[in-house]
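Structural overview for review
Given next are the chains, with one letter for each unit.
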Amino acid sequence: MILIQNALVLTPSGEGKPLDVIVDKDQIKDVLPRGSVKGEGMERVDAAGRALMPGLVNGHNHAQTHLAKGRFDRYNLETYLNAQPGVSGRRTLEDKHLSALIGAAEMVRKGCTAGYDMFAEFPLPSVEGVEAVARAYTEAGMRAAIAPMMADRSFYEAIPGLAEALPEPLRSQALQARYAPFEESIAAVRKILKGWKGDAVRPALGPTIPHHCSDEFLVACRDLAKEFGVGMQMHVAESKMQAAVGKKLYGATLVSHLGKLKLLNEKFCVAHGVWLEEDDRRRLADAGCSVSHNPGSNLKLGSGIADMRAMLDRGLNVAIGTDGSASSDNLNAFEAMRLASYVSRVKGHAPERWVSAREALHAATEGGAKALGFDQLGRIEKGWKADLVLLDLSALHYIPLNDLASQMVFGEDGTGVESVMIGGRWVMRDRRLLTVDVEALKRKAEEAVARLSAANAEAKALGEKLHPYVGHYCAGLT
């Protein structure tokens, strides 16, 4: 057992209190008044001058993107998706593992202990690829829900009229890339689910965007998720164009269509939800769904600002995510939490209805854990999982310390994170990662980027030629 003494502990109410915490294996055995436990036979950790908080949970992320950070500026979602083959193609299994490990290491370093990962492979998920990503999270010591991202329509097939708007020979070149028939993807994911071992890193399903998937595919995903009791995450109403395409294709909103297909339930998580209508939020809340709010990525891609207050008003469970490194440039859940609160203040709500520091903190801990499907995670309380973060209160953003929760949300940028425990095991101590060799990671990443840049040069050039046509046509749909 481990006794963490003398810390200022963030309680479920959001207050900082002088308490001692006993950790037994992977759980919090007890939370007691400071100095009330002798700690005989326990490992003692003197956390004087430190705050103890639950680990943050990243509600939405993409392992395949972490080798492509810094590549995109002034791209919206549609031109970003058009460019993806030029930066994410031709990956070896080692590349997939490396990209995931880079992301996991950054999240741990910044106080994140669990994440929802929509990992993509083309043309369909593979047992080996998903295993490579799962292995990266396990090595880093993180918890994760890994949802293989799938589709049976390419980007150019999914948007009505887009392919026809492309000139030849660009149209033919764009349409050469096709996802596997949905039956093959379902069979591949079934194999992944049947062979899954472990609970800290667990599987989910990720049919990427409703209109990128045929209804037959979505129904098959629904049935597979029910058969294996796993969660599902989808990008829904992320951009204004997605919302417009939904009405054009289905004569209804994307959420309404998913409801008709009976996909909505307590294990379903919407990623983004920027363009949800009030009836969409009602449907999601009534079904017990979650929404992962990704304010940083939404801002960078110009997708808009999701209305977290309206979600909370409807009783929706809200998580907070960073999205992948290529569309948000970092995996800093503290920044995402802060932005979630800040952007609520420009949605026209009265100040008393802005998302508070404590609401953002709840979404980034317990809300995220619920979206991932993890029980008793995200709170420092007896019987809950021992996923804990020590913050250095000598960091200047805590001087003076007036309100712990507010300063965590509005001031912490990850630099105050000193130590991280996941499942009762230290994975970072005194600012040093114990599970990942960062120097080796850096060397491997540099080699991989050079090799993949050459291998994807042709795809990148095609994406650049398609870029103005895609941008112009998609803008016209909204």
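These notes cover the structure that comes with them.

1. Structural notes on the side chain of His66
Its location among the elements puts His66 in the loop between strand S6 (56-61) and helix H1 (77-83). Take His66: its relative accessible area is 3%, and that puts it in the buried class. Engagement of the side chain of His66 in a polar contact is seen with the side chain of Ser325, the distance being 2.7 Å. Contacts of His66, omitting those with residues within four sequence positions, involve Asn61, Ser99, Ala100, Ile102, Gly103, Gly324, Ser325 and Leu331.

2. Some thoughts on helix H3 (residues 93-109)
Taking 1.5 Å as the rise per residue, H3 with 17 residues should run 24 Å; its terminal C-alpha atoms sit 24 Å apart, in good agreement. The buried fraction of H3 is high, at 14 of 17 residues. One or two positions beyond H3, positive phi appears at Gly111, with a value near 85 degrees.

3. Brief notes about the packing of aromatic side chains
For any pair of aromatic rings, the description rests on two quantities: the centre-to-centre distance and the angle between the ring planes. Applying the stated criterion across every chain yields a total of 6 aromatic pairs. Ring geometry for Phe72 versus Tyr75: centroids 4.9 Å apart, planes at 90 degrees, classification edge-to-face. Accessibility expressed as a relative area gives 22% for Tyr75, which makes it partly exposed. Judged by centre distance (5.2 Å) and plane angle (80 degrees), the rings of Phe155 and Tyr156 are edge-to-face. For the pair formed by Phe155 and Tyr156, the shared burial category is buried. Among the aromatic side chains, those forming a connected cluster through ring pairs are Phe72, Tyr75 and Tyr80.

Definitions and limits used
Residues numbered from 1 in each chain as written. Predicted model: local features only at pLDDT ≥ 70, side-chain atom pairs only at ≥ 80, totals over all residues. Heavy atoms only, no water. Helix = DSSP H or I, 4+ residues; strand = E, 2+ residues; numbered from the N terminus. Buried < 20%, exposed > 50% of the residue type's maximum accessible area, 1.4 Å probe, protein only. Polar contact = N/O pair within 3.5 Å; in protein donor to acceptor, adjacent residues only side chain to side chain. Contact = heavy atoms within 4.5 Å. Expected span 1.5 Å × (residues − 1). Phe/Tyr/Trp six-rings, centres within 6.5 Å; stacked < 30°, edge-to-face > 60°.

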